[in-house]
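Spelled out, the chains give:
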Amino acid sequence: MISTFHGLEMGKRSLASHQQAINTTGHNLNNMNTEGYSRQTVKLSTFEPLYVPGLARSETAGQIGQGTTVTSIDRVRDQFIDNRIISAGKDLGFFDMRNKYLQQMEMVYAEPSVYNDPSQYNTLRRAFDEFMSSWSDVANNPDDKAPRNVLVEKANILTNSVRHHFNQMTDIRNNVDIEIKNKVGELNEIASKIAKLNERILKSEAVGDHPNDLYDSRDVFIDKLSKMADIQISREDPDELILYIGGKMIVQGAESEKLNLTAQADNYGYSDVYWADGEKVAFRGGELGSLVDVRDTDLRMEQKKINSFAVNISDLVNEIHRDGFGLNETTGNDFFSTHPFTTDPTGNFDANRDGADDSTFIFKVTGANTLDGNDKLGIRGTMNVNNVEIDYYETDTLDRVVRRINESGAGVNAFLNPQGKLTVKADYYGDNQSPDFVIRRLEDNGLFLTGYAGILNQSGAEGGFNSNVVNETGTKLNAQSVWSIAPLTDPAQYMAIEKKIENDVSFIAVASGIDSDGDGIKDISNGIGDSQNALRISSLKDNKVMVGMSLSVSQYFENIVSDVGARGQKAENGFRVQETIMNNLENLRKSVSGVNLDEEFANLIKFQHGYNASAKFISEMDKMLETIITKL
Amino acid sequence: MSIYRVSTNMANDNGMNFVMKKEDSMNKVHQSISTGKKYVMPRDNPVDVTQAMTFHSKIFKIDQLERNINDLGAERNLVENKIGSTIEILQRVRELSVQGSNGIYTAEDRKAMSVEVDQLMKNIIVDANSKYKGNYLFSGFQKFTKPFEVLEGAVRGADTAMITEVRYLGDNGKQLREIDFNEYAASTPPGSDLFWAENFQIYSKVNTADFRLENDMSVMIDNQKISFNEGDNAYAIVDKINRSPAAVNASIDIVTGGMIIKSTTPHKVELADIEGGNLLQNLGILAQGRPIGPDNFSQDADVFGGSIFDTMIGLRDAMLQNNAEDIGGRFLGAIDESITNLTNNMAKTGALQNRLDYLTQRLGDDKMSYTKTLSSLEDVNMADALTELATLDFAHKASLSSLAKITKSSLMDFLR
């Protein structure tokens, strides 16, 4: 026989359950616009029915239902979609940051021509064109001072433009560095928040609850984190959620790690990201991965390209300029000022700052012997230029070998200078093993660099020139060879005209001359009306002098801009694709976990009816009990 | 994408996304229309943008070349004028020579002619010393130096002071200008070329029979560098000189064995030993110890071949001395050679003008073609852009309208 108040209890239970269901529906409606909210559903199941088989069992037909109860409040969430979103987050973050900063980098070059206004010329290319053209104007009037003054102005515009471009890149690098610092701070904060949430969730789960709102909160933070770095998540242990970056744990249950920033002395003081135990963080994607990449690879390469332009133009113009004569018949003057890496005339330098010189930094070396490009070598062997092996054979002509050196990817420009001597000039490198514009290694197991060109004294490894050995210029290089010390780092930062020339334009070497005493240096000017030196300089515009003598300066600029444009295009496309992918995934997630207004209202009505029914039932039970109590 | 359950926000968010994308596209098209150019950043089309850069540079260079050509043309005009005026004066001198050689005229007549010849000489000198843009036109590279220096003094047979010597103080330089890609031209011949009457000749007295060069050496003849090798004998040297582009002819005198150098067209030849060499000095052509410099010829060598002025002085003196034979013979011949030289130069300068005209035409055509290509690369086609804008605008309005419809009704509207 069941209890008298069995019905009432059942009704009460049902009311409570339905009230809970209505509350939850209300919770869903209230949180329709909350970020990261997943709709919650109430799981109603029947209460433990009577009677469980046992000695206390009553002799009635069973089992008797006891109404409904709320067993759990679940959030509707598909973990597989969540995991996919976490995995896609790093790609979106990567391309987002990359696109943002590459766009800034593209705008520095101001091509196409400051949005195509031809009267504006703050592009490097235009400044260079005008500079070359002003040499041509000087050549038209070699005896006149006015075009020389214009030349100095145009040269100033050029050097200003070079410095400006370089400094803009530096500014962007600085901004990226600041953003890295901010993001790492943000990352640390989010990681610690996740850890704290893990703790609270653990406590709540221990007493059997589903802390749905805490779950949602945690998932929002994890999503944010997944954009910043390449996060992997491990949910295998239900008591301990683990997040990894690059294979190392950043959050382990209630514990979180902090990432540190350490300024790098050999990278302009920019910060690298480290774990607390000193290991460098290996980002493989995410915003931080992208930012570090952009700062240290993309932007640095652009700076190197601008440096290469500055160094090569300075060097080429200076070489021709020193050969010529000014209005005042002086010769041997540079046009652009040069700053050598070291003031030590032997090129020695102390690279590891331990107090003793340990390196030799030279920029270029010209052999002692006069050669003819069409000559067949007649010797064979293998030379090593900057750790790239280059073979040469008896049947090769000199021009062929020179071309081979240029195409070898050794990072040098090789050519025969106007006196017919072989010159090897260093360019920029993709890595930071040594400064740019420094010849790293010259070695030859045959006679090409030694007896033939007159650059090295001895063949073989003992005669090889190495930039990380001291005193090399005195011992390894031929005594009659001519070499020059490497320029100070980042030549684009300090490119300028020699003060001497700015102060007196008579020093500009427009005229050519002759060598009267046979020392190889011209000493008598042809006269004021001669313009041949100026014409030589202005012809640099179209000669192939850059990148292993394969590109003219104009082509070099075009390459830079098209490269930057192509990268930018790739980044933008990548971003749009990832954006679409993320959008689709989020739609999937919303489809599962999002609140649908109509559905919730329908549920509301449903539970309302249920509530009403329970209430009616209680009312009926009440009447029945009244009959028993008052009427019996 | 099949989704069976649509959350309320999804419709809203997606709808907004599409609207935003349309607005972004419209903005881009609008920017193109406003600037008139298709591309704003290199990433919009890296290939076309860099091609456009090439054309910008080419057009810029053509502008420079046109400037150079105009400059050259202006100077050339002046040169042509001066040549013309000098020829006119020389025609008159020729007349006087013909007259003077005629036996009819007396010594008095010839004396009168000599005065006129002297005056005419002064007129030519004024032309020869003319200036262009403030500096001397005909002095080669020495633009600040007056080309022809005049010395006057007493002349036998004359009543007043007359010109005794005219010296050329300039050099043989010709100023070059770039008129086409890597092509150069000079407009102005130096005074030592233009105002020269006779072929320059130098006869050395040094016997070259046993001569052999001990090291490699170079010389400079009329701004041409000629190199010789160790072991060359006199004949090898003569051969190399003749093969070089310099306008001279070298030979060895059969009798004396000395070297002879003659110019092939009338001009004053510049000879120099450069780079510490001493070949010409050892051959007795240049004075020892004077490898470079104007008039550095050896005192022992015989030098012939003078300027127009030398001829005219000679003519005038012959007139003063009543020497009809020389007037009609030697000097008339020299005057004819001078006129021929000037006429040749006139033809050269005319040919240069033709070349400049052709280049101006061709560069103009090139520039037009480049500009056209540039425009097709860079400029936006207004009709296309405006049509695109209209299409996008329509699509934009459509998505806005459908968005409004989706978010309008929900169950809420139907509940009591």
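About the thresholds
- Residues numbered from 1 in each chain as written.
- Chains lettered and ligands numbered in written order.
- Predicted model: local features only at pLDDT ≥ 70, side-chain atom pairs only at ≥ 80, totals over all residues.
- Heavy atoms only, no water.
- Helix = DSSP H or I, 4+ residues; strand = E, 2+ residues; numbered from the N terminus.
- Rg over C-alpha atoms; globule rule 2.2 N^0.38 Å.
- Buried < 20%, exposed > 50% of the residue type's maximum accessible area, 1.4 Å probe, protein only.
- Areas by Shrake-Rupley, 256 points an atom, 1.4 Å probe, with all protein chains shown as cover.
- Lys, Arg positive; Asp, Glu negative; His and termini not counted.
- Charge placed at Lys NZ, Arg CZ, Asp CG, Glu CD.
- Contact = heavy atoms within 4.5 Å.
- Pairing = 2+ DSSP bridges.
- Axes fitted to C-alpha atoms, helices over the stretch in contact; angles between N-to-C directions.
- Salt bridge = Lys/Arg side-chain N within 4 Å of Asp/Glu carboxyl O.
- Buried area = accessible area lost by both parts, 1.4 Å probe.
- Polar contact = N/O pair within 3.5 Å; in protein donor to acceptor, adjacent residues only side chain to side chain.
- Nonpolar A, V, L, I, M, F, W, Y, C, P; charged D, E, K, R; others polar.
- Domains from an automatic or database assignment.
- Parallel < 35°, antiparallel > 145°, perpendicular 65-115°, else oblique.
- Left-handed = near helix turned anticlockwise from the far one by under 90°.
- Core = buried A, V, L, I, M, F, W, Y, C linked by side-chain atoms within 4.5 Å.
- Phe/Tyr/Trp six-rings, centres within 6.5 Å; stacked < 30°, edge-to-face > 60°.
- Lys NZ or Arg CZ within 6 Å of the ring centre and 35° of its normal.

### With respect to the overall build of chain A
- Within chain A one finds 14 helices and 22 strands.
- Relative to the compact-globule value of 26 Å for 632 residues, chain A shows a C-alpha radius of gyration of 39 Å, a clear excess of over 25%.
- When its C-alpha atoms are laid out on the principal axes, chain A stretches across 145 × 55 × 45 Å.
- Across the 632 residues that make up chain A, the buried fraction comes to 52%.
- Surface exposure of chain A reaches about 27,800 Å², of which carbon and sulfur atoms provide 51%.
- Each charge class in chain A was averaged separately, 64 positive and 92 negative side chains, and the resulting centres sit 5 Å apart.

### Remarks on the overall build of chain B
- What chain B contains, in helices and strands, is nine helices and 13 strands.
- Relative to the globule expectation of 22 Å for 416 residues, the C-alpha radius of gyration of chain B, 39 Å, shows a markedly less compact shape.
- Expressed along its principal axes, the backbone C-alpha trace of chain B runs to roughly 140 × 55 × 30 Å.
- Within chain B, buried positions represent 46% of all 416 residues.
- Once local pairs closer than 6 in sequence are excluded, the contacts in chain B between residues at least 24 apart make up 66%.

### A closer look at the environment of I222(A)
- Within the fold, I222(A) resides in helix α6 (residues 212-228).
- Residues I222(A) and G89(A), spaced 133 residues apart in sequence, show a C-alpha to C-alpha distance of 9.9 Å.

### Description of the pairing of strand β11 (residues 259-263) of chain B
All names here are of chain B.
- Counting buried residues along β11, four of its five residues qualify, which places the element largely inside the surrounding structure.
- Two strands pair when backbone bridges link them, and strand β7 (residues 201-203) and β11 are joined in this way by three bridges, in the antiparallel orientation. Bridging from a neighbouring strand, Y203 pairs with I260 of β11.
- Of the pairings in the sheet, the one linking strand β10 (residues 248-252) to β11 comprises five bridges and is antiparallel in character. Its bridge partner lying in β11, V248 is registered against S263.
- Between the antiparallel neighbours β10 and β11 lie six residues, among them G257 with a positive phi of about 75°.

### Here we look at the sheet that holds strand β13 (residues 302-304) of chain B
Residues and elements named next belong to chain B.
- Taken in spatial order, the four strands of this open sheet run β10-β11-β7-β13, and their pairing is antiparallel. At either end of the open sheet lies a strand with only one pairing partner, and these are β10 and β13. Taking each pair of neighbouring strands and ignoring which way they run, the sheet shows an average axis angle of 10°.
- With three bridges joining them, β7 and β13 adopt antiparallel strand pairing. If you follow Q201 over to β13, its bridge partner there is F304.
- Of the strands in this sheet, β10 and β11 touch helix α5 (residues 234-243), which is tilted by about 165° from β10.

### Comments concerning the pattern of salt bridges
Residues and elements named next belong to chain A.
- Here the structure, examined in full by the defined rule, presents 86 salt bridges over all chains.
- A salt bridge links D490 to R300; the shortest N-O distance between them is 3.5 Å. In this pair, D490 sits in the loop between β18 (482-485) and α11 (499-503) while R300 sits in helix α7 (residues 286-323), placing the two residues 190 residues apart along the sequence. Of the two residues examined, D490 and R300, each falls in the buried class.
- What you see here is one network of salt bridges that share partners, running through R75, R77, D82, D216, D219, D223 and R589.

### Side note on the interface of chain B and chain A
- Facing 59 residues of chain B, the contacting portion of chain A comprises 72 residues.
- Interface of chain B and chain A: buried area, both sides summed, is about 5,600 Å²; carbon and sulfur atoms make up 53% of it.
- A per-residue breakdown of the area chain B buries against chain A is headed by R5(B), R43(B) and M53(B), which together make up 15% of the total.
- Our count for the chain B to chain A interface comes out at eight salt bridges.
- K143(B) is the partner of D143(A) in a salt bridge, and the nearest nitrogen-oxygen pair spans 4.0 Å.
- Seen at the junction of chain B and chain A, the total is 36 residue pairs in polar contact (both at pLDDT 80 or more).
- Secondary-structure elements contributing two or more residues to the side of chain B that touches chain A are α1 (8-35), α2 (46-101), β5 (176-180) and β12 (271-274) of chain B.
- Among the elements that take part in the side of chain B that touches chain A, α2(B) stands out by supplying 13 residues, more than any other.
- Residue classes in the side of chain B that touches chain A are distributed as 23 nonpolar, 18 polar and 18 charged.

### Focus on the sheet that holds strand β16 (residues 441-444) of chain A
Residue and element names in this part refer to chain A.
- Strand order in the open sheet formed by four strands is β13-β12-β16-β17, and the pairing between neighbours is antiparallel. Two strands lie at the open edges of the sheet, namely β13 (388-392) and β17 (465-466), each paired on one side alone.
- Contacts from helix α8 (residues 398-407) reach β12 (381-385) and β13 within the one sheet, and its direction differs from that of β13 by about 165°.

### Focus on the domain arrangement of chain B
Residue and element names in this part refer to chain B.
- When the domains of chain B are assigned, the result is domain 1 (54-196 + 307-366) and domain 2 (201-304).
- A C-alpha centroid distance of 28 Å is found between domain 1 and domain 2.
- Listed as interface residues are eight residues of domain 1 and, on the opposing side, seven residues of domain 2.
- Across the domain 1/domain 2 interface, buried area totals approximately 690 Å², and carbon plus sulfur atoms make up 49% of it.
- Broken down residue by residue, the surface that domain 1 buries against domain 2 is led by Y168, N172 and W196, which jointly contribute 59%.
- Along the contact surface separating domain 1 from domain 2 lie zero salt bridges.
- There are four residue pairs in polar contact (both at pLDDT 80 or more) connecting domain 1 and domain 2.

### Quick word on the packing of helix α5 (residues 146-206) of chain A against α7(A)
Residue and element names in this part refer to chain A.
- Where α5 meets α7, the axes come as close as 10 Å, and the angle between the chain directions of the two elements is 165°. On the basis of their axis angle, the class for α5 and α7 is roughly antiparallel. Every pair of crossing elements has a handedness; the one defined by α5 and α7 is left-handed.
- Across the contact of α5 with α7, the residue classes tally to 17 nonpolar, four polar and nine charged.

### Some remarks on the nonpolar core
- Core analysis: the biggest nonpolar cluster contains 88 residues, and F131(A), L187(A), I245(A), I250(A), F309(A), F335(A) and I508(A) have the highest contact counts within it.
- When residues no more than four places from it in sequence are discounted, the contact partners of F131(A) are L151(A), K154(A), A155(A), L158(A), V317(A), F335(A) and F336(A).
- With 38 residues, the next largest nonpolar core counts L90(B), F138(B), W196(B) and F331(B) among its residues.

### Observations concerning the domain arrangement of chain A
- According to the domain assignment, chain A consists of domain 1 (6-76 + 595-631) and domain 2 (340-486).
- Inter-centroid distance (C-alpha atoms) of domain 1 of chain A to domain 2 of chain A is 89 Å.

### Here's the deal with the packing of aromatic side chains
- One pass over the full model with this rule turns up 25 aromatic pairs over all chains.
- Their ring planes at 35° and their centres at 5.3 Å tell us that F349(A) and F361(A) sit as a pair that is tilted. Taken together, the residues F349(A) in strand β9 (residues 348-349) and F361(A) in the loop between β10 (359-360) and β11 (362-370) connect sequence positions twelve residues apart.
- Taking the relative accessible area as the measure of exposure, F349(A) reaches 25% and is therefore partly exposed.
- A residue is classified by how much of its surface remains accessible, and F361(A), at 4% relative accessible area, is buried.
- Members of the aromatic cluster, connected to one another through ring pairs, are F138(B), F148(B), Y168(B), F195(B), W196(B) and F309(B).
- Its guanidinium or amino end placed over the ring of F47(A), R13(A) lies 4.0 Å from that ring's centre, counting from NZ or CZ.
- Positioned over the ring face of F507(A) is K500(A), at 5.2 Å from the centre of the ring.

### Observations regarding the packing of helix α13 (residues 553-593) of chain A against α2(B)
- The geometry of α13(A) relative to α2(B) is characterised by a closest axis approach of 8 Å and an angle of 160° between their N-to-C directions. On the basis of their axis angle, the class for α13(A) and α2(B) is roughly antiparallel. Note on packing geometry: the crossing formed by α13(A) with α2(B) is right-handed. Contacts between α13(A) and α2(B) involve S554(A), F557(A), E558(A), V561(A), S562(A), G565(A), A566(A) and Q569(A) from the former and P46(B), V49(B), T50(B), M53(B), T54(B) and S57(B) from the latter.
- When grouped by side-chain class, the residues that make up the contact of α13(A) with α2(B) number six nonpolar, seven polar and one charged.

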